[in-house]
Amino acid sequence: MKCSQCASADTKVIESRDVTEGQAIRRRRSCNACGHRFTTYERVEHPQIIVIKNNGVRELFSREKLLAGLYRACEKTTVTNLQIEQVVADIEKELQQCADPEVSTSKIGDLVMEGLANLNEVAYVRFASVYRRFTDIAGFEQELSQIKEKKTSTKIKKTKV
Ligand SMILES: [Zn+2]
């Protein structure tokens, strides 16, 4: 870290402390060349996620939009707001861990369907019908059989544990 006064690279850290509950580290630094003292902060960077829509348009990932879509799909089901928020939080986390800051809407849709498949069949099918825009019964039935397969494999996993 260069000195903010004389730009010398010869600086040292004289104090480090955690701030905002470990979300950032504040460092007091001192310049060996001119004696100037300055402060730097180190934070985890959460890059903004860019969503590429089916028509190629890019827009910033919106947590609110995703939540709204999920609330709609989960209306009058047993899925709680807390569960919905957890699904969205998991998706956000997964997207942030991706090396690529750009993600397609279909990737997000897949993640949502994965999350809903474990929660509620009705919500899953509702979301799928909007998101996948089923044009025929065959596509719908295929989706349903996939849920059932997933359910069976989850059950097998559970019995193993
Ligand atoms: Zn200096």
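Because the structure is a prediction, the values reported are computed rather than measured.

1. Quick word on the sheet that holds strand 6 (residues 102-104)
Okay, step 1: Sheet architecture is open: three strands sit in the order 5-4-6, paired in mixed fashion. Each end of this open sheet is capped by a strand with a single partner; those strands are strand 5 (58-60) and strand 6. Adjacent strand axes in the sheet meet at a mean angle of 35 degrees, parallel and antiparallel pairs treated alike.
Okay, step 2: Judged from the three bridges that link them, strand 4 (residues 50-52) and strand 5 form a sheet pairing that is antiparallel. Bridge assignment links Ile 52 to a residue of strand 5, and that residue is Arg 58.
Okay, step 3: Against the sheet, helix 3 (residues 105-117) engages strand 4 and strand 6, with an angle of about 70 degrees to strand 6.

2. Observations concerning the nonpolar core
Okay, step 1: Counting residues in each nonpolar core, the largest one holds 26 residues, and the members touching the most others are Leu 66, Leu 70, Leu 95, Ile 108, Val 112 and Leu 116.
Okay, step 2: Listing elements by their share of this core, those giving two or more residues are helix 1 (63-74), helix 2 (81-97), helix 3 and helix 4 (121-131).
Okay, step 3: Tallying contributions element by element places helix 3 first for this core, with six residues.
Okay, step 4: Setting aside residues up to four positions removed in sequence, Ile 108 forms contacts with Val 51, Phe 61, Leu 66, Leu 95 and Val 103.

Basis of the calculations
- Residues numbered from 1 in each chain as written.
- Predicted model: local features only at pLDDT ≥ 70, side-chain atom pairs only at ≥ 80, totals over all residues.
- Heavy atoms only, no water.
- Pairing = 2+ DSSP bridges.
- Helix = DSSP H or I, 4+ residues; strand = E, 2+ residues; numbered from the N terminus.
- Axes fitted to C-alpha atoms, helices over the stretch in contact; angles between N-to-C directions.
- Contact = heavy atoms within 4.5 Å.
- Core = buried A, V, L, I, M, F, W, Y, C linked by side-chain atoms within 4.5 Å.
- Buried < 20%, exposed > 50% of the residue type's maximum accessible area, 1.4 Å probe, protein only.

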